[in-house]
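Here is how the chains run, residue by residue.
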Amino acid sequence: MHLELRHLRTIRAIHRAGGLARAAEALNITQSALSHQVKGLEDQAGVELFVRRSKPMKLSAAGLRMLRLAERILPEVDALGEEFRALRSGKTGRMHIAMECHACFEWLLPALETFRHHWPDVDVDIRAGLAFDALPALLRDEIDVVITSEPVATEGVTFHPLFDYQPTFICSALNPLASRDMIEAEDFRSQLLIHYPVPREKLDVFTDLLTPARVEPRGLRSVELTAVILMLVAADRGVAVMPDWVLREVREHPDYALRPLAPGTITRTSYAATRMADGAKPFMADFLRLSEERSLALRDWPGARIGRNSGGKLPPDGV
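A quick note: this is a predicted structure, and the numbers were derived from the prediction, not measured.

All right, on to the sheet that holds strand β3 (residues 93-99) then. What the five strands build is an open sheet, ordered β4-β3-β5-β12-β6; its pairing is mixed. Of all the strands in the sheet, just β4 (122-126) and β6 (157-165) have a single pairing partner and so form its edges. Averaged over all pairs of adjacent strands, the angle between strand axes in this sheet comes to 20 degrees, irrespective of strand direction. The sheet contact formed by strand β5 (residues 145-148) and strand β12 (residues 268-275) spans three bridges and is antiparallel. Bridging from a neighbouring strand, Ile147 pairs with Ala272 of β12. Across the sheet, helix α5 (residues 105-118) is in contact with β3, β4, β5 and β6; its angle to β4 comes to roughly 165 degrees.

It is worth spelling out helix α2 (residues 20-27) at this point. In an α-helix there are 3.6 residues to a turn, and that puts residues three or four apart on one side. Buried within α2 we find Leu20, Ala23 and Ala24. Looking down the long axis of α2, one finds its buried residues gathered within 100 degrees of arc, a one-sided arrangement. Away from its buried face by more than 90 degrees, α2 exposes Arg22, Glu25 and Ala26. For α2, the elements touching its buried residues are α1 (5-17) and α3 (31-45). Trailing α2 by a residue or two, Asn28 shows a phi angle of about 60 degrees, which is positive.

Where α2 contacts α3, the two axes come as close as 9 Å, and the packing angle between them is 100 degrees. Here α2 lies roughly perpendicular to α3, going by the angle between them. Listed contacts from α3 to Leu20, Ala21, Ala23, Ala24 and Leu27 of α2 are Gln31, Leu34 and Ser35. Partitioning the contact of α2 with α3 into residue classes produces six nonpolar, two polar and no charged.

What follows covers the sheet that holds strand β9 (residues 219-222). What the five strands build is an open sheet, ordered β9-β8-β10-β7-β11; its pairing is mixed. At either end of the open sheet lies a strand with only one pairing partner, and these are β9 and β11 (256-260). Strand-to-strand twist of the sheet, defined as the mean angle between neighbouring strand axes without regard to direction, takes the value 30 degrees. In this structure, strand β8 (residues 192-195) lies alongside β9, joined through four bridges in parallel fashion. Within β9, the position partnered with Ile194 by the bridge is Arg221. Its contacts with the sheet put helix α7 (residues 204-213) on β7 (167-172), β8, β9 and β10 (239-243), and the angle it makes with β8 is roughly 145 degrees.

Per the counting criterion, the structure on display carries 18 salt bridges. Linking Glu150 and Arg268 is a salt bridge whose minimum nitrogen-to-oxygen distance equals 2.4 Å. In this pair, Glu150 is assigned in the loop between β5 and β6 and Arg268 in strand β12, connecting sequence segments 118 residues apart. Taking the relative accessible area as the measure of exposure, Glu150 reaches 25% and is therefore partly exposed. With relative accessibility at 3%, the residue Arg268 sits in the buried group. Here Asp204 makes a salt bridge to Arg268, at a shortest N to O gap of 2.6 Å. Of this pair, Asp204 sits in helix α7 while Arg268 sits in strand β12, placing them 64 residues apart in sequence. The exposure class assigned to Asp204 is buried, which follows from its relative accessible area of 14%. Salt bridges sharing partners connect three or more residues here, namely Arg94, Asp141, Asp144, Arg275, Asp278 and Lys281.

So, how was this worked out
- Residues numbered from 1 in each chain as written.
- Predicted model: local features only at pLDDT ≥ 70, side-chain atom pairs only at ≥ 80, totals over all residues.
- Heavy atoms only, no water.
- Pairing = 2+ DSSP bridges.
- Helix = DSSP H or I, 4+ residues; strand = E, 2+ residues; numbered from the N terminus.
- Axes fitted to C-alpha atoms, helices over the stretch in contact; angles between N-to-C directions.
- Contact = heavy atoms within 4.5 Å.
- Buried < 20%, exposed > 50% of the residue type's maximum accessible area, 1.4 Å probe, protein only.
- Arc of directions from axis to C-beta.
- Parallel < 35°, antiparallel > 145°, perpendicular 65-115°, else oblique.
- Nonpolar A, V, L, I, M, F, W, Y, C, P; charged D, E, K, R; others polar.
- Salt bridge = Lys/Arg side-chain N within 4 Å of Asp/Glu carboxyl O.

Read these as geometric descriptors, not functional statements.
Given below as structure tokens:
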């Protein structure tokens, strides 16, 4: 037996209307076309689906079986159609985010909380496990946004600048380096460097200072949480290099000394990378706007540089 959705809609409409005339009107077809459709359906089934002499028109036992099928399937089909309409209008969708900036959770999560209220039907997730193979995952549609400070010219990907920051050295006020005005690569040879649990090629202190100078710290310690890094640094159990905006609340704390990295002009830019085709989605545009607004709070520290024209590193040509 070959059933189509229109057959199920016909059974449901006649049951609800109690007759062919009103059902045909509800289905926006002629009564003769509806009668022909019913006859063809009964010929397929080999049984009568309606008790024709009853008023209002009633379903037979076989017709009631088909009605139960219609009432189970048609709401799911209608819901799927509504979901597709919402996708086309940009009211719903998916936004899975990969993070290459470990510290960025601290500004991203408040932005996502606001976003959740604006777009309750958008599926939001943070995919930390994909963070360091993020751009290929973006192109494979496995994720939808990459937060990164390493823009790489990639066909089909747009890098949206969010804010500039300076990698900043922090140590205990008891550490001998606290007396320095600026920290050079050689100063790390005697220090245990505490860092986020990411590969060294993703750490600013290595890419911008230590690796070019071919300097290796005395030791390395990986720590997940910013608060724990700061606690260890305050106890003079090691030193760290972190974005200046992360350190804004401890700038004046007597337990710490914050110093620029030589030559004092190292500046990085954080970006949100998206597929070009997603740029027109309303919820994606709102996420980017909220992210930039949230980053405006980073102006709280002296010399902060925020936004697209802030003088930081530009994306590579073609992105």
